[in-house]
Every structure is written in C-alpha cells, then in structure tokens.
Amino acid sequence: MTRRFIPVAEPVLAGNEKKYVNECLESGWISGSGNYVEAFEKSFADFCGVKHAVSIVNGTAALHVALLALGIGRGDEVIVPDLTFIASANAVTYCGAQPVFADVDARTWTLDPQDTAAKISARTKAVMPVHLYGHPANMTPLLELAQDHDIHVIEDAAEAHGAEYKGQRVGSIGDIAAFSFFGNKVVTTGEGGMITTNDAQLADQARLLKGQGMDPERRYHFPIVGYNYRMTNLQAAIGVAQMERIDWFIERRREVAAWYDNALKNLAVTKMMEASWAKSVYWLYSICIPEEIDRDLLMTRMLERGIETRPFFYPTHRQPPYRLNAENQTFPVTTKLSAQGLSLPSSARISKEEVAYITDALGVCLQAAAKS
Ligand SMILES: *Cc1c(COP(=O)(O)O)cnc(C)c1O
C-alpha cells in the first residue's frame, strides 16, 4: 500500500455539499442572496448561541466590517495579539486605525491580559483576542479590562468554530465576532466568513456595510459608503451542509488531538495545552520544539516522509507594514513560539494509524534535525 500524502489541513466535503450546490445551479440562485444564505446564517447563529449571524465574503472582511460597525476609524487603536494571522492586524489598518500589539500568554498562546492592560492608551477603542489554533483566549480578564476602560471586545474566531470558554461558545462572548470559512478552517465554504453578535444594532450596521451601504427600507438609496462583501448562495449551500456535520468535525478533531497528546508523551516537545476553562477545537494541533532543533530541517525531513507540517505565524510586529507600530517593544513569548512552533496534520480525516506514523516520524526526524 502506498501511503497518502498527509497535509496539515484539508476539507471534508462528504455530506450534502454536492446536493445543495446542485440545487443552487438548478434553481439559478447562485449569487449573493437566496435560501441557503438565510439558512446558513440561521444555523450558524443557533450553533454559536447568538441572536444574529451575518454572512460575508471572507473572514478578513468579517473583521473589517465588525470593526467598522463598532465605529472604529482614523486615530483609534485596537490591541491585537502579536502572534496571529496577518488579517487580524490588516483589518484594523483598513479602518484607518492602528493595530497595537500585545504579547501572548506562554501557556495558551492567546492574548496575554497583562500585556494587553499595559498597551491600553487614551486612543484604545477595542481589543481583539484571537482564539488561536482553535483554543479560546482567556476572555474574563479581557472583558473586565474592556469594561474598566469602556472599550469594545471583538473576537477573531476565524480558527475556532465551536470552541468554548467556560462552557460558552466563542463568537458569543465579546461585543461582536468574526469567523472564516477558508478551505483549511474547521468549517469551510471555500472562501467565506460570518459575523456574530447579540446586538441588533451592530448586526444591522454589518448588513448595511456588507451590502454596498444600501438602505434596507429604500432600494437604491445609499446613506453610507458600503462594500460588496456578500457571500454567494453557492458558498452558503456548502456551509449549510458543513454545519450539518460540525459536531462530528469537532469530535473528530478532539479525538485526533487526544491521540497526539498520548503519542507525544515521550518526545521532548511542548504539546498544545487545553486550559481548565477551555474546550479547544484543535484547528491545528501544534507543538513547540526545543531550541536545539533546526525547524526547517525537521520540516524537510517530515516532508520526505510524506508529512506536511507548518511553522507558526511570524510575529506581526516584524512584518514590514507594522515594524514602526512596535518600535522598542519586545514580545518574548511570541518571538519564541514563532521560532519554535510547529503545526502537525490536523484535519478531521486523520486516522489513528496516521497519528502513530506522524509521531514516530517526528521522533526520528527530531534526532536528525538537532543543531550541531
Ligand atoms: C484565516 C484567518 C483569518 C482570515 O480569514 P479569511 O477567510 O482567510 O479572510 C483571520 N484571522 C485569523 C486568525 C485566521 O486564521
């Protein structure tokens, strides 16, 4: 038997995706409105336990519109973790506001409330915790901080559909939240996103912004400059089919993570943790390798065995557009994780046998990649 190449992430489209997309094709409802758009929003809101879900073209646009709906603009600051995908900071920049970076916590790898507190200024309008790699951020201290300083909380939940903080699903904890349905995420529509909130006014504002700013009561009247950020009915059809299986996706991911946890016990790596208050969905099962290991070489050796791995995000403050935002600041935890973090294959398709193969290979490759 030849072994399949094992990617870090892959979609599972084995439910009603084809059937529902075909229904769109047959009915002609393929554009930015239709039954599936409504059904997807409804099922996603119910799943997150929120009153409103607004579908949108992708996760980055979800962040952009969520920030605009909160009224964030020129001269404002938004605190973003240094360790995240670039879209978190970019969405702030799109609004004319400035992302201010805070370090992450060494245990959970999510926004550190203490460093966040230190970064609050008179211009801070919001804080954006990211539920990184499927693990929820530590929300209580961040919510308290936000309340004390009268600022908003926007959750970047792009990587964490179904993750729970103290029993509450992410997307329902802050003022507003953004999800992504990119092809490698826990739930996918190819490209796509969703905004969730319990605030009817924020939801209305988000709908206005994503639909060219057209007045819902008066067609072809545009009280504001909006965007064409609509999700298509085709994508929403895939989303509806994915939501039918979301519990299974999450169960499978948690099962795969438990296999990894067990198999990695005897290796000299720091495993991804799950805080006592958290239910992680393990978007990417990730580890931190010792400093003495050449990560690039390790990844090459793994790839030779048909196993894809992925390095952690670069610190955002080191990316060229953001270097000036963080002059003379240090982010020790992000810097370390960024250099030593590695994500392993994590889809809902991974078998127990594959986890054994991957972790055996990791043991061998760690030795082969020790710096001399
Ligand atoms: C994927 C991702 C996004 C952006 O989502 P897109 O749908 O790709 O635009 C934003 N934030 C984080 C943390 C992500 O991982």
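Residues numbered from 1 in each chain as written. Predicted model: local features only at pLDDT ≥ 70, side-chain atom pairs only at ≥ 80, totals over all residues. Heavy atoms only, no water.

**Quick notes on the site of the ligand**
Line of reasoning, step 1. What surrounds the ligand is a group of 14 residues, the closest being Gly59, Thr60, Glu159, Ser180 and Lys185.
Line of reasoning, step 2. At 2.8 Å from an oxygen atom of the ligand is found a main-chain nitrogen or oxygen belonging to Gly59.
Line of reasoning, step 3. For the ligand, a nitrogen atom lies 2.8 Å from a polar atom in the side chain of Asp156.
Line of reasoning, step 4. Relative to its free-state accessible area of 380 Å², the ligand is covered by the protein chains to the extent of 93%.
Line of reasoning, step 5. Broken down by secondary-structure element, the contributors of at least two residues to the shell around the ligand are α3 (59–69) and α4 (86–94).
Line of reasoning, step 6. Looking at side-chain class alone, the shell around the ligand contains four nonpolar, seven polar and three charged residues. (Near = heavy atom within 4 Å. Polar contact = N/O pair within 3.5 Å; in protein donor to acceptor, adjacent residues only side chain to side chain. Areas by Shrake-Rupley, 256 points an atom, 1.4 Å probe, with all protein chains shown as cover. Helix = DSSP H or I, 4+ residues; strand = E, 2+ residues; numbered from the N terminus. Nonpolar A, V, L, I, M, F, W, Y, C, P; charged D, E, K, R; others polar.)

**Let's talk about the sheet that holds strand β12 (residues 286–288)**
Line of reasoning, step 1. Spatially, the four strands line up as an open sheet ordered β10-β12-β14-β13, and their pairing is antiparallel. Both outer strands of the open sheet, β10 (270–271) and β13 (310–311), are each paired with one neighbouring strand and no more.
Line of reasoning, step 2. In this structure, β13 lies alongside strand β14 (residues 341–343), joined through two bridges in antiparallel fashion. Across the sheet, Pro311 pairs through a bridge with Leu342, a residue of β14.
Line of reasoning, step 3. Relative to the sheet, helix α11 (residues 332–340) contacts β12 and β14, its axis offset from that of β14 by approximately 50°. (Pairing = 2+ DSSP bridges. Contact = heavy atoms within 4.5 Å. Axes fitted to C-alpha atoms, helices over the stretch in contact; angles between N-to-C directions.)

**Re the packing of aromatic side chains**
Line of reasoning, step 1. All told, the structure shown has 16 aromatic pairs when counted by the stated rule.
Line of reasoning, step 2. Look at Tyr133 and Phe312: their rings are 4.7 Å apart centre to centre, the planes differ by 50°, and that puts the pair in the tilted class. Of this pair, Tyr133 sits in the loop between β4 (124–127) and α6 (139–149) while Phe312 is found in the loop between β13 and α11, placing the two residues 179 residues apart along the sequence. In this structure, Tyr133 and Phe312 share a single accessibility class: buried.
Line of reasoning, step 3. Through a chain of ring-to-ring contacts, the aromatic side chains of Phe85, Trp109, Tyr133, Trp283, Phe312 and Phe313 assemble into a single cluster.
Line of reasoning, step 4. Here the basic side chain of Arg3 rests over the ring of Tyr357, its NZ or CZ set 3.7 Å away from the ring centre. (Phe/Tyr/Trp six-rings, centres within 6.5 Å; stacked < 30°, edge-to-face > 60°. Buried < 20%, exposed > 50% of the residue type's maximum accessible area, 1.4 Å probe, protein only. Lys NZ or Arg CZ within 6 Å of the ring centre and 35° of its normal.)

**Let's talk about the packing of helix α2 (residues 35–48) against helix α8 (residues 233–243)**
Line of reasoning, step 1. As a packed pair, α2 and α8 sit with axes 8 Å apart at the nearest point and diverge in direction by 40°. Handedness of the α2/α8 crossing: left-handed. Residues Asn35, Tyr36, Val37, Ala39, Phe40, Ser43, Phe44 and Phe47 of α2 form the contact with α8, whose participating residues are Asn233, Ala236, Ala237, Gly239, Val240 and Met243.
Line of reasoning, step 2. Grouping the amino acids of the contact of α2 with α8 by side-chain chemistry returns 10 nonpolar, four polar and no charged. (Left-handed = near helix turned anticlockwise from the far one by under 90°.)

**Considerations on the sheet that holds strand β6 (residues 164–165)**
Strand-to-strand pairing in sheets goes through backbone hydrogen bonds, with the strands running parallel or antiparallel.
Line of reasoning, step 1. If you walk across this open sheet you meet the three strands as β7-β6-β11, and the pairing is antiparallel. Each edge of the open sheet carries a strand with a single partner, namely β7 (168–169) and β11 (278–279).
Line of reasoning, step 2. In this sheet, β7 lies alongside β6 in antiparallel orientation, the contact comprising two bridges. Following the sheet pairing, Tyr165 is matched in β7 by Gln168.

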